[in-house]
Amino acid sequence: MRIQKDLIRSEDPAKDRILQAAFKLFYSKGYPNTGINEILDEAGAFKKSLYIHFPSKRDLGKAYLLEQEEAILGFVKRIAAKEKRYSDFIRSWMKMLRRGLKNTYIYGCPYANLSNQTHDEPEISDFVKVALNRWVQDFELCLKGFTWNSKKSKTESELKEISESILFYYQGALQLYGMSGDFKHIHRLEKALLSLDK
């Protein structure tokens, strides 16, 4: 079962509280270490409210992943829409990322964290594989309109390779930052992403 966007944003206050509680606990404690009763206690909600919207913890996990994907990619797309050059986009993105990291991603990338904690759940693993392809496609769309140092536009295969490299460097740097709290990994990320502008 695939989580649809309308399952995340709702007019139901109980559902919203459940999602907020699950998101907070999944990120701070980890998906495997968070129980349904703990989510309900944090949300001040009843099991009936949970199961009306989310038949299982797995469905809550997918909602969490989709919300994180939308937050991360939405952030990237907004920055990309304001820039004309790839190098300016990367510098703006890294500047905003450094600001955000001080307040939010204290344990690394929330998307990667939950993905890494659920390898034994095929339904979530399959969900993540499909999502990673979306990430690459979204990065490709962002990159299409940029001016590059070489002044030549990129081919479709070059854009795909750059998009995959962005995802690779981004996730690696965020995981290392989450493990160490050291901003040197974000500085290295910026350097690596700028080096893709050949």
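Before reading further, recall that the structure is shown in the block above.
Summary of the structure given here. Just so you know, the residues in each chain are numbered from 1, in the order the chain's sequence is written. Only residues with pLDDT of at least 70 get local features here, since the model is predicted, and only at 80 or more are side-chain atom pairs given and counted; chain-wide, interface and lining totals rely on the full set of residues. Side-chain metrics rest on all non-hydrogen atoms present in the structure, leaving aside hydrogens and water.

**Describing the side chain of D197**
Moving on, step 1. Inspection of the secondary structure puts D197 in the segment after α9 (184-194).
Moving on, step 2. Under the scheme applied here, a residue whose accessible area is under 20% of the maximum for its type counts as buried, over 50% as exposed, and between as partly exposed, the area being computed with a 1.4 Å probe on protein chains only. In this charge count, Lys and Arg are treated as positive and Asp and Glu as negative; neither His nor the chain ends contribute. Whenever a carboxyl oxygen of Asp or Glu lies within 4 Å of a side-chain nitrogen of Lys or Arg, that contact is scored as a salt bridge. Of the side chains bearing the opposite charge, R85 lies closest to the buried D197, which forms no salt bridge; the N-O distance is 5.0 Å.
Moving on, step 3. Contacts are assigned to residue pairs that have any heavy atoms within 4.5 Å of one another. D197 has contacts with Y86, S87, W148 and N149, leaving out every residue within four places of it along the chain. A run of H or I in DSSP counts as a helix once it spans at least four residues, and a run of E counts as a strand once it spans at least two, with each numbered from the N terminus.

**Remarks on the pattern of salt bridges**
Opposite charge on two side chains lets them pair, provided their charged atoms get close.
Moving on, step 1. A complete count under the given rule lists nine salt bridges for this structure.
Moving on, step 2. Measuring nitrogen to oxygen at the nearest pair gives 2.7 Å for the salt bridge that ties E38 to K29.
Moving on, step 3. Residue E121 is joined to R58 by a salt bridge in which the shortest nitrogen-to-oxygen separation is 3.2 Å. Of this pair, E121 sits in the loop between α6 (110-116) and α7 (122-144) while R58 is found in helix α4 (residues 57-82), placing the two residues 63 residues apart along the sequence.
Moving on, step 4. Taking the relative accessible area as the measure of exposure, E121 reaches 19% and is therefore buried.
Moving on, step 5. Salt bridges linked by common partners bring R58, K62, E121 and E123 together as one network.

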